[in-house]
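Structural description and commentary
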Amino acid sequence: MKCPFCGDPSTQVTDTRENEDGDIVRRRRRCVKCDKRFTTYERIDLKMPLIVKRNGHRAEFDRSKVLASMTLALRKRPVPVEDIEAAAGRIEGRLLAMGERELPSVKVGELVMRELKKLDKVAYVRFASVYRNFEDVDAFSEAVREVTRRSRGTKTD
């Protein structure tokens, strides 16, 4: 593995851990030349479905976009990075399990909202306000009421 800091190919693995599901391996590495440390992740490379955007454009699924949008919604919220990674992994797993060659981007957005709702209610409302393109305060208030109702035990799904 080439060092991302100095480019030297001589690195050593200092720690290796698998996630709970055993499908991702996290390795801490140290560069022999510059002595900097970095983390790499190994995961099975499966063919993800193409994502069909609202305008009809097709793009490859990009896990980093899901992570970036979730991280933005969770900004300054008390949610560990590991939990965000795990949620992104569950989204990826569900998309693969669907077995479809193409999926609408709306499906990805719904899965992200479902995971955010489990992780943090405030992040869920933040994401939903942008994703659902709330036009007014009433739409925003309805999303807050929905989260509040469900967290009190009147869950309907």
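With an unreviewed UniProt entry as reference, the protein is termed Transcriptional repressor NrdR, source organism Denitromonas iodatirespirans. UniProt, in the comment section headed Function (unreviewed entry), describes the protein in these words: "Negatively regulates transcription of bacterial ribonucleotide reductase nrd genes and operons by binding to NrdR-boxes."

Comments concerning the sheet that holds strand β5 (residues 58-60)
What the three strands build is an open sheet, ordered β5-β4-β6; its pairing is mixed. The open sheet is flanked by β5 and β6 (102-104), the only strands paired with a single partner. Going across the sheet, the axis of each strand differs from the next one's by a mean of 35 degrees, ignoring polarity. Sheet topology places strand β4 (residues 50-52) next to β6; three bridges connect them, and they run parallel. By the bridge assignment, Ile 51 is partnered in β6 with Leu 103. Sitting on the sheet, helix α3 (residues 105-119) touches β4 and β6, and the angle it makes with β6 is about 65 degrees.

A word on the pairing of strand β1 (residues 11-18)
With seven bridges connecting them, β1 and strand β2 (residues 24-31) associate as antiparallel partners. Residue pairing for β2: Gln 12 is matched across the bridge by Arg 30. Where β1 folds back onto β2 in an antiparallel hairpin, the turn is made up of five residues, including Gly 22, whose phi is positive at roughly 80 degrees.

A short note on the packing of helix α1 (residues 63-73) against helix α4 (residues 121-131)
Where α1 contacts α4, the two axes come as close as 8 Å, and the packing angle between them is 115 degrees. In this structure, α1 crosses over α4, and the sense of that crossing is right-handed. When α1 is examined against α4, the residues Ser 69, Leu 72 and Ala 73 are found in contact with a partner set consisting of Ala 123, Arg 126 and Phe 127. When grouped by side-chain class, the residues that make up the contact of α1 with α4 number four nonpolar, one polar and one charged.

A closer look at α1
If you check which residues of α1 are buried, you get Arg 63, Val 66, Leu 67, Met 70 and Ala 73. The arc that holds every buried residue of α1, seen down its axis, measures 130 degrees, which confines them to one face. Exposed and oriented more than 90 degrees from the buried face of α1 are Lys 65 and Leu 72.

Focus: the nonpolar core
Val 66, Met 70, Leu 95, Val 112 and Leu 116 are the most contacted members of the largest nonpolar core, which totals 27 residues. Secondary-structure elements contributing two or more residues to this core are α1, α2 (81-97), α3 and α4. Sort the elements by how many residues they give to this core and α4 lands first, with six residues.

Examining α3
Here α3 contains 15 residues, and its C-alpha end-to-end distance of 21 Å stays within 8% of the 21 Å for a straight helix at 1.5 Å per residue. If you check which residues of α3 are buried, you get Ser 105, Val 108, Gly 109, Leu 111, Val 112, Met 113, Glu 115, Leu 116 and Lys 117.

Some remarks on the pattern of salt bridges
For the structure on display, the rule yields 12 salt bridges. Where Glu 102 meets Arg 58, a salt bridge forms, and the shortest distance between an N and an O atom there is 2.6 Å. With Glu 102 in strand β6 and Arg 58 in strand β5, this pair connects stretches of sequence that are 44 residues apart. Taking the relative accessible area as the measure of exposure, Glu 102 reaches 34% and is therefore partly exposed.

Procedures and definitions
Residues numbered from 1 in each chain as written. Predicted model: local features only at pLDDT ≥ 70, side-chain atom pairs only at ≥ 80, totals over all residues. Heavy atoms only, no water. UniProt positions renumbered as here; feature names shortened; annotations may be inferred. Pairing = 2+ DSSP bridges. Helix = DSSP H or I, 4+ residues; strand = E, 2+ residues; numbered from the N terminus. Axes fitted to C-alpha atoms, helices over the stretch in contact; angles between N-to-C directions. Contact = heavy atoms within 4.5 Å. Left-handed = near helix turned anticlockwise from the far one by under 90°. Nonpolar A, V, L, I, M, F, W, Y, C, P; charged D, E, K, R; others polar. Buried < 20%, exposed > 50% of the residue type's maximum accessible area, 1.4 Å probe, protein only. Arc of directions from axis to C-beta. Core = buried A, V, L, I, M, F, W, Y, C linked by side-chain atoms within 4.5 Å. Expected span 1.5 Å × (residues − 1). Salt bridge = Lys/Arg side-chain N within 4 Å of Asp/Glu carboxyl O.

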